[in-house]
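Given next are the chains, with one letter for each unit.
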Amino acid sequence: MDEVIENIESQIPDEVNLGVVKIDCRKVKKKLIDKRERIKDRLTYIISEVIKFNIEEIKKEKLKIISKMRHPTTNIRDLSDLRK
């Protein structure tokens, strides 16, 4: 279990007794934990999508470089053009 959820469960009591009134905090704890899980899932998804996008961009650049390297070079000017 994640540390934030453990903190929620340990720091928020199930009930709070305010003299003549007793407040049940279990629903609040559950909602906080559910919210934390949704945020974690969304962030994980966003991060994975950014990583996928970056990997695709790197692959495209790699293919461009490989394509340039496959062209035969006959002089120094061609070699310097490969650097671009």
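Residues numbered from 1 in each chain as written. Predicted model: local features only at pLDDT ≥ 70, side-chain atom pairs only at ≥ 80, totals over all residues. Heavy atoms only, no water.

## What about the overall build of the protein?
Piece 1. Within the protein, the secondary structure is distributed over three helices and two strands.
Piece 2. Along its sequence from the N terminus, the protein presents helices and strands in the succession α-β-β-α-α.
Piece 3. For the protein, whose C-alpha radius of gyration is 28 Å, the value lies well above the compact-globule estimate of 12 Å for 84 residues.
Piece 4. A principal-axis box enclosing the C-alpha atoms of the protein has dimensions of 95 × 15 × 15 Å.
Piece 5. Counting every position in the protein, which comprises 84 residues, the buried fraction comes to 7%.
Piece 6. Across the protein, the fraction of contacts at a sequence separation of at least 24, relative to all contacts at a separation of at least 6, is 26%. (Helix = DSSP H or I, 4+ residues; strand = E, 2+ residues; numbered from the N terminus. Rg over C-alpha atoms; globule rule 2.2 N^0.38 Å. Buried < 20%, exposed > 50% of the residue type's maximum accessible area, 1.4 Å probe, protein only. Contact = heavy atoms within 4.5 Å.)

## Concerning the pattern of salt bridges
Piece 1. According to the stated counting rule, one finds eleven salt bridges in the structure shown.
Piece 2. Residues Arg-26 and Glu-15 are paired through a salt bridge, measuring 3.7 Å at the closest nitrogen-oxygen approach. Within this pair, whereas Arg-26 is found in helix α2 (residues 26-70), its partner Glu-15 is found in strand β1 (residues 15-18), the two being separated by eleven residues in sequence.
Piece 3. A relative accessible area of 43% means that Arg-26 is categorised as partly exposed.
Piece 4. The class for Glu-15 is partly exposed, based on a relative accessible area of 38%.
Piece 5. Residues participating in the shared-partner salt-bridge network are Glu-15, Lys-22, Asp-24 and Arg-26. (Salt bridge = Lys/Arg side-chain N within 4 Å of Asp/Glu carboxyl O.)

## As for the pairing of strand β2 (residues 21-24)
Piece 1. Here β1 pairs with β2 via four bridges, running antiparallel. By the bridge assignment for β2, Glu-15 is matched with Asp-24. (Pairing = 2+ DSSP bridges.)

## Some words on the packing of helix α1 (residues 3-11) against α2
Piece 1. Packing of α1 against α2 leaves a shortest axis separation of 10 Å and a crossing angle of 175 degrees. When the axis of α1 is compared with that of α2, the two are roughly antiparallel. Contacts from Val-4, Ile-5, Ile-8 and Glu-9 in α1 reach Lys-29, Leu-32, Ile-33, Arg-36 and Glu-37 in α2.
Piece 2. For the contact of α1 with α2, the residue count by class is five nonpolar, no polar and four charged. (Axes fitted to C-alpha atoms, helices over the stretch in contact; angles between N-to-C directions. Parallel < 35°, antiparallel > 145°, perpendicular 65-115°, else oblique. Nonpolar A, V, L, I, M, F, W, Y, C, P; charged D, E, K, R; others polar.)

## Examining a nonpolar patch on the surface
Piece 1. There is a patch of nonpolar side chains on the surface, built from Ile-39, Leu-43, Tyr-45, Ile-46, Ile-47, Val-50, Ile-51 and Ile-55 and spanning about 760 Å² of accessible area.
Piece 2. Among the secondary structure elements, Ile-55 is positioned in helix α2.
Piece 3. Look at Ile-55 and you get partly exposed, because its relative accessible area is 43%. (Patch = residues over 30% accessible without salt bridge, like charges linked within 9 Å, V, L, I, M, F, W, Y side chains within 5 Å. Areas by Shrake-Rupley, 256 points an atom, 1.4 Å probe, with all protein chains shown as cover.)

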